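Structural description and commentary
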Amino acid sequence: MNARLRRQAPVLALAALLAVGLAAPLATGAAVPGFWLEVLLGGLMAGVLYALVALGFVLIYKASGVFNYAQGAMVLFAALTTARLAERMPLPVAAALALAAMVAFAWLVERLVLRPLVNQDPVVLLMATLGISYFIDGFGQAAWGGDIYKIDLGLSKDPMIVLERVFEGGVLIGREDLAAAAAVALLVLLLPVFFQRTATGRALRAVADDHQAAQSIGIALGRIWIIVWSVAGFVALVAGIVWGSKLGVQFSLSQVALKALPVVILGGLDSVPGAILGGLIIGVGEKMAEVFLGPALAKAFALAGGGIENWFAYMLALVFLLVRPEGLFGERRIDRV
């Protein structure tokens, strides 16, 4: 029992810290309930977008043991391809062609990169995905250009005003944020079913556990990797369309997408629920810190203020990494020597 409590201590400490951080603005009078709820919902919606990108990291790591540093670049390339094709054809057709491009990209990655590196050290595969990331960035700019492009989902940019009868002035919610939340909810429902209930999903899990053992029972490693990179490409496409509609398709999008790195560290590299919960924690934490903690620190220490949203997620992930390296729901690995 004591060992279990010690193991869960970082989780309990994080939960307590989040509870205190959430309650502090209301307890100190720094925010009225309506504004506090608006910031909370904004953080949850941002966290949903982070989780959408983090799902791509988790899928590839869960099925192949490869940490895919190129996931942010995949989000950018999928969004860029969709945006440029949508200038010449309807958006659904453009998205379908962009998905076909991501599947072709998955096939090329398996043939040209992963197949020659089977059973290599993880750091070798990480460096390979780093090279893929820079190649996609450069190829995307060469093929589609480096301007800022838009993706129009047909949703109004004006936010919805809800709970007007409860809070003075109501609470603002973005329609695009709600669409992103619906997309993530659908993926969260489908992915566990895919991994647990289908033969392909079970094969993906077997490959992740042991490449050589999976090959020895007849699982085609190359086919599995093409499938998982294609699924990750589909997730990147959904994330890219949502992010592109919200922020515009530009090359800084790949850097924004890398905010999913602390999400997967916090939630666990091989956990789909961890990616979702980690995204929500990071999203709410950074929004609350930017709106409420930043001004308080600036006033207390005579600082210029601002920018806390840029580093909060990474510092939270770093602290958690020191005490629980596998993350909230990640698999704890013990190597016996």
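Look above for the structure.
Summary of the structure given here. (Residues numbered from 1 in each chain as written. Predicted model: local features only at pLDDT ≥ 70, side-chain atom pairs only at ≥ 80, totals over all residues. Heavy atoms only, no water.)

**Details of the overall build of the chain**
Of the regular secondary structure elements, the chain holds 13 helices and 2 strands. What you see for the chain is a C-alpha radius of gyration of 21 Å, in line with the 20 Å of a compact globule of 337 residues. When each of the 337 residues of the chain is scored for burial, the buried share is 45%. Residue pairs in contact within the chain that sit at least 24 positions apart in sequence constitute 73% of those at least 6 positions apart. For the chain, the accessible surface area stands at approximately 16,900 Å², while carbon and sulfur atoms represent 65% of it. Looking at charge distribution, the chain has the averaged site of its 24 positive side-chain charges lying 8 Å from that of its 21 negative ones. (Helix = DSSP H or I, 4+ residues; strand = E, 2+ residues; numbered from the N terminus. Rg over C-alpha atoms; globule rule 2.2 N^0.38 Å. Buried < 20%, exposed > 50% of the residue type's maximum accessible area, 1.4 Å probe, protein only. Contact = heavy atoms within 4.5 Å. Areas by Shrake-Rupley, 256 points an atom, 1.4 Å probe, with all protein chains shown as cover. Lys, Arg positive; Asp, Glu negative; His and termini not counted. Charge placed at Lys NZ, Arg CZ, Asp CG, Glu CD.)

**Quick look at the pattern of salt bridges**
Overall, the coordinates contain 3 salt bridges when judged by the stated rule. For K287, the salt bridge identified is with E309, shortest N-O distance 3.1 Å. Here K287, found in helix α12 (residues 272-301), pairs with E309, found in helix α13 (residues 308-323); they are 22 residues apart in sequence, far enough to count as distant. (Salt bridge = Lys/Arg side-chain N within 4 Å of Asp/Glu carboxyl O.)

**With respect to helix α11 (residues 260-267)**
Counting buried residues in α11 gives 7 out of 8 residues, a clear majority hidden from the surface. Every buried residue of α11 is listed here: A260, L261, P262, V263, V264, L266 and G267. Note on α11: the residue one or two positions beyond its end, G268, has a positive phi of about 115°.

**Things to note about the layout of surface pockets**
Its volume calculated, the largest pocket comes out at about 650 Å³. Around the largest pocket sit 27 residues that line it, and L17, G21, A289, L293 and F312 are the ones nearest its centre. Taken together, the elements giving at least two residues each to the lining of the largest pocket come down to α1 (2-27), α12 and α13. If you tally residues by element for the lining of the largest pocket, the top one is α1, at 10 residues. Of the residues assigned to the lining of the largest pocket, the class counts are 24 nonpolar, 3 polar and no charged. (1 Å grid on protein atoms, 1.4 Å probe; cavity = no way out; pocket = protein on both sides within 12 Å on 5 of 7 lines; lining within 4 Å. Points joined across faces, edges and corners; volume = space filled by probe spheres on them. Nonpolar A, V, L, I, M, F, W, Y, C, P; charged D, E, K, R; others polar.)

**As for the environment of S230**
Here S230 shows up in helix α9 (residues 221-247). Along the primary structure S230 and A104 are separated by 126 residues, whereas in three dimensions their C-alpha atoms are 8.2 Å apart. Ignoring sequence-local partners within four residues, the contact set of S230 consists of V103 and A106.

**Quick word on the packing of helix α2 (residues 33-64) against α11**
In contact at an axis separation of 8 Å, α2 and α11 are set at 65° when each is read in the N-to-C sense. In terms of axis orientation, α2 runs roughly perpendicular to α11. When you trace α2 past α11, the crossing you get is right-handed. Between α2 and α11, the contacting residues are Y50, V53, A54, F57 and V58 on the first element and A260, L261, V263 and V264 on the second. Within the contact of α2 with α11, the residues separate by chemical class into 9 nonpolar, no polar and no charged. (Axes fitted to C-alpha atoms, helices over the stretch in contact; angles between N-to-C directions. Parallel < 35°, antiparallel > 145°, perpendicular 65-115°, else oblique. Left-handed = near helix turned anticlockwise from the far one by under 90°.)

**Here's the deal with helix α3 (residues 71-86)**
Taking 1.5 Å per residue as the helical rise, α3 with its 16 residues ought to reach 22 Å, and the 22 Å between its terminal C-alpha atoms agrees with that figure. Judged by how many residues are buried, α3 sits mostly within the fold: 15 of 16 residues are covered. (Expected span 1.5 Å × (residues − 1).)

**Some remarks on the nonpolar core**
Of all hydrophobic cores here, the largest spans 87 residues; its most connected members are L55, M74, F105, W229 and L266. Dropping the residues within four chain positions of it, L55 is found in contact with L187, L191, V235, V272, A275 and I276. Ranked by size, the runner-up nonpolar core spans 13 residues in total, among them A31, W36, M45 and V284. (Core = buried A, V, L, I, M, F, W, Y, C linked by side-chain atoms within 4.5 Å.)

**Re the side chain of E110**
Structurally, the position occupied by E110 is in helix α4 (residues 91-114). We classify E110 as buried; its relative accessible area is 2%. Not counting residues within four places of it along the chain, the set of residues in contact with E110 comprises R115, P116, G222, W225 and I226.

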